[in-house]
Amino acid sequence: MIKIEIDASKCTTPFACKKCLQLCPQAVFLVVAVKVEKFKETDPKEPGSYFLLARYMDKCTGCEDCVKVCPEKAIKLTVEEGSNG
Amino acid sequence: MCWVCDEYGDGTRWFLNPQNYARFMYTVKRPGEVPKEYGSDPEAQSGRILGEIMTAKMQDPEKWAELVKKANQRDMAFPKGPIQLAQTVTLDEAKQLCDLTYPVAGMFCLCRYHMRAQEETNEHEYSCAGLGVGMLKWERWPERYKGGVHFMDADEAKEWLTKWDKAGFMHLLMTFGASPSGGPYVGGLCNCSYPDCGAIRGRLDYGLELNALKGHYVAKVDYDLCNGCGICVQRCQFGALKFEVVKDRPNIDQFRCFGCGLCHSGCPQNAITLVERESLPALKEAW
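Counting restarts for each chain: residues are numbered from 1 in the order of the written sequence. Chains carry letters and ligands carry numbers; both start at the beginning, A for chains and 1 for ligands, and go up in the order they are written. Two thresholds apply to this predicted model, a pLDDT of at least 70 for residue-level local features and 80 or more for giving and counting side-chain atom pairs, whereas whole-chain, interface and lining totals are computed over all residues.

### Let's talk about the overall build of chain A
Move 1: Strands here are runs of E lasting at least two residues and helices are runs of H or I lasting at least four, both read from the DSSP assignment and numbered beginning at the N terminus. When helices and strands are counted, chain A shows 3 helices and 4 strands.
Move 2: When the helices and strands of chain A are read in sequence order from the N terminus, they spell out β-α-α-β-β-α-β.
Move 3: Counting only C-alpha atoms, chain A reaches 45 × 25 × 20 Å along its principal axes.
Move 4: The contact criterion used here is simple: two residues whose C-beta atoms, placed from the backbone, lie within 7 Å are in contact. Here the analysis covers contacts within chain A between residues at least 6 apart in sequence; of these, 73% occur between residues at least 24 apart.

### A look at the overall build of chain B
Move 1: A count of helical and extended segments in chain B gives 9 helices and 10 strands.
Move 2: The globule rule is 2.2 Å times the number of residues to the power 0.38, and the radius of gyration it is compared with is taken over C-alpha atoms. Its C-alpha radius of gyration of 19 Å places chain B within 12% of the 19 Å reference for a compact globule of 287 residues.
Move 3: Taking the principal axes of its C-alpha atoms as reference, chain B extends roughly 70 × 50 × 40 Å.
Move 4: Any residue with 12 or fewer other C-beta atoms within 10 Å of its own C-beta is exposed, any with 20 or more is buried, and the rest are partly exposed; the C-beta atoms used are placed from the backbone. For chain B, the proportion of its 287 residues judged to be buried stands at 45%.
Move 5: Sequence-distant contacts, at least 24 apart, represent 67% of the contacts inside chain B between residues at least 6 apart.

### Some details on unusual backbone geometry
Move 1: The omega torsion across Phe78 of chain B and Pro79 of chain B is 0 degrees, close enough to zero to call that bond cis.
Move 2: With omega at 5 degrees, the peptide bond leading from Tyr194 of chain B into Pro195 of chain B counts as cis.
Move 3: Structurally, Pro195 of chain B is set in the loop between β6 (184-192) and α7 (198-206).
Move 4: Positioned with a positive phi, Lys73 of chain A is a non-glycine residue whose angle comes to about 50 degrees.

### Examining the interface of chain A and chain B
As a measure of interface size, the accessible area lost when the parts come together is often cited.
Move 1: With 20 residues of chain A at the contact, the number on the chain B side is 15 residues.
Move 2: Taken together, the elements giving at least two residues each to the side of chain A that touches chain B come down to α2 (19-23) and β2 (29-33) of chain A.

### What about the sheet that holds strand β2 (residues 104-107) of chain B?
Residues and elements named next belong to chain B.
Move 1: Strand order across the open sheet formed by 6 strands is β1-β5-β6-β3-β2-β4, with antiparallel pairing between neighbours. Pairing within the sheet leaves two strands with one partner each, and these edge strands are β1 (86-89) and β4 (150-152). Strand-to-strand twist in this sheet, taken as the mean axis angle between neighbours without regard to direction, amounts to 25 degrees.
Move 2: Of the strand pairs in this sheet, strand β5 (residues 170-178) and β6 are connected by 7 bridges, and their pairing is antiparallel. Among the inter-strand pairings, Met170 is bridged to a residue of β6, identified as Cys192. Any two strands with at least two DSSP-identified bridges between them are counted as paired. In this analysis an axis means a line fitted to C-alpha atoms, helices contributing only their contacting stretch, and an angle means the value between N-to-C directions, from 0 to 180 degrees.

### A closer look at the pairing of strand β3 (residues 128-131) of chain B
Residues in a regular strand project their side chains so that they alternate between the two faces of the sheet.
All names here are of chain B.
Move 1: Here β3 shows no split at all, with Cys128 and Gly130 on one side and Ala129 and Leu131 on the other all buried.
Move 2: In this structure, β2 lies alongside β3, joined through 4 bridges in antiparallel fashion. Across the sheet, Val104 pairs through a bridge with Leu131, a residue of β3.
Move 3: In the sheet, β3 pairs with β6 via 3 bridges, with the strands oriented antiparallel. Along β6, the bridge assignment pairs Ala129 with Leu189.

### Considerations on the environment of Met174 of chain B
Residues and elements named next belong to chain B.
Move 1: Within the secondary structure layout, Met174 lies in strand β5.
Move 2: Note: C-alpha distance between Met174 and Ala129 (45 residues apart in sequence) is 9.8 Å.
Move 3: In this structure, Met174 is in contact with Gln84, Ala86, Gly187, Gly188 and Cys190, ignoring residues within four places of it in sequence.

### Concerning the confidence of the model for chain B
Move 1: Here chain B shows a mean pLDDT of 93. Residues at 70 or above account for 97%.
Move 2: Across the whole predicted complex the pTM is 0.93, and at the interface the ipTM reaches 0.93. Per-residue confidence from the predictor is given as pLDDT, running between 0 and 100.

### What to know about the packing of helix α2 (residues 42-59) of chain B against helix α3 (residues 61-71) of chain B
Residue and element names in this part refer to chain B.
Move 1: The contact between α2 and α3 brings their axes to 8 Å, and the two run at 155 degrees. Regarding the angle of α2 to α3, the classification is roughly antiparallel. Relative to α3, the crossing made by α2 is left-handed. Listed contacts from α3 to Ile49, Glu52, Ile53, Ala56 and Lys57 of α2 are Lys63, Trp64, Leu67, Val68 and Ala71.
Move 2: Partitioning the contact of α2 with α3 into residue classes produces 7 nonpolar, no polar and 3 charged. Each angle is binned into one of four classes, with values under 35 degrees roughly parallel, values over 145 roughly antiparallel, values of 65 to 115 roughly perpendicular, and all other values oblique. Crossings are sorted by hand: turned counterclockwise from the far helix by less than a right angle, the near helix makes the crossing left-handed, and turned clockwise it makes it right-handed. Three classes are used, and their members are as follows: Ala, Val, Leu, Ile, Met, Phe, Trp, Tyr, Cys and Pro are nonpolar, Asp, Glu, Lys and Arg are charged, and the others, Gly among them, are polar.

### Let's talk about the pairing of strand β3 (residues 50-54) of chain A
All names here are of chain A.
Move 1: Side-chain alternation along β3 places Tyr50, Leu52 and Ala54 on a buried face and Phe51 and Leu53 on a face that remains uncovered.
Move 2: In this sheet, β3 lies alongside β2 in antiparallel orientation, the contact comprising 5 bridges. Each residue of the ladder has a partner; that of Val32, found in β3, is Phe51.

### Side note on α2 of chain B
All names here are of chain B.
Move 1: Helix span, expected: 1.5 Å multiplied by one less than the number of residues in the helix. In a regular helix each residue adds 1.5 Å, so 18 residues correspond to 26 Å; α2 covers 26 Å between its end C-alpha atoms and thus fits that length.
Move 2: Every buried residue of α2 is accounted for by Pro42, Ser46, Ile49, Leu50, Ile53, Met54 and Lys57. Burial along α2 is one-sided: seen end-on, the buried residues are contained in an arc of 140 degrees. The exposed residues of α2 that point more than 90 degrees off its buried face are Ala44, Arg48 and Gly51.
Move 3: On its buried side, α2 packs onto α3, β5 and α7. Arc definition: directions from the helix axis to the C-beta atoms.

### Describing the nonpolar core
Move 1: By size, the foremost hydrophobic cluster in this structure holds 101 residues, and its most contacted members are Phe29 of chain A together with Ile53 and Leu172 of chain B.
Move 2: The leading source of residues in this core is β5 of chain B, at 6 residues.
Move 3: Ignoring sequence-local partners within four residues, the contact set of Leu172 of chain B consists of Ala86, Thr88, Cys190, Cys192, Ala199 and Ala212 of chain B. What makes a nonpolar core is a set of buried Ala, Val, Leu, Ile, Met, Phe, Trp, Tyr and Cys residues, with links drawn between C-beta atoms within 7 Å.

Okay, here's the thing in structure tokens:
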């Protein structure tokens, strides 16, 4: 079982940064706007406006490319016994 | 006939039936009234169901199989059920439907935005399109239409589709809720690829079929016309095309083929034909 933990206090502008999102060979990540409001476009540079999610975890191979590329050291990957599906 | 056409085609293909492009522009609500069908958010509902299926795949394979079986029942699709219905269409089919709806509004791709943080900020980059009158009120939700939209007439929309087809994207026709006639409302036309399309990924990786139904055709190689250049192999988004080394020709697994026609439109030798899915006994019910 592979687990990815993302420290949101360090990863504050994932949509603007997008390094892990574009690098991941298995496209495991997802970036989502925290709040979608009527008549308002969310600013990618505003800290906390988007959050990063490791959604497609059954596709993760544990290569740790995301851990290495993260400029904020916000991603933690752990490997335990068992499969992700 | 394809079951969606059977139910909503009125004698033709469902996406050539003009009734499925009609929609109320506004609904009048009493204060406090919860919006019904037209106000619900098909993407969010489908996303929740896919989320449950994905979690089950990782934690409980038996539950996963059960959820997939339930979600793939035909009456789970919009407008009868909660799952967003979409079907693979060829470039020619996509061009035909441009004559039935207005406007075709180019916009950014929501899937690539979520999965790769891809930004598409102008008419040259927009790879997705919203269809019909609903798009005229896009400005209410600027985050959903990030960077704005670009309204196209039928001719420009056809050119736009051809451009994305050349680049190697297949076309997926999306529905959003119900039209006044009770059929699915055709509201989106996407240019898609794996793995950054949520619908294709939902089907190939997690088994959710209604999000990306196969199209009306199946691709077939003419081995005499084919010169083995291999261009088609790069264009398949479904893993249906391999290069058969011994034969020095491509091989299409027709059970995996979605009939999008990308290999057909990209072939310099015109060596790939599209045959009607329903002409093949083993595939005619495989949508």
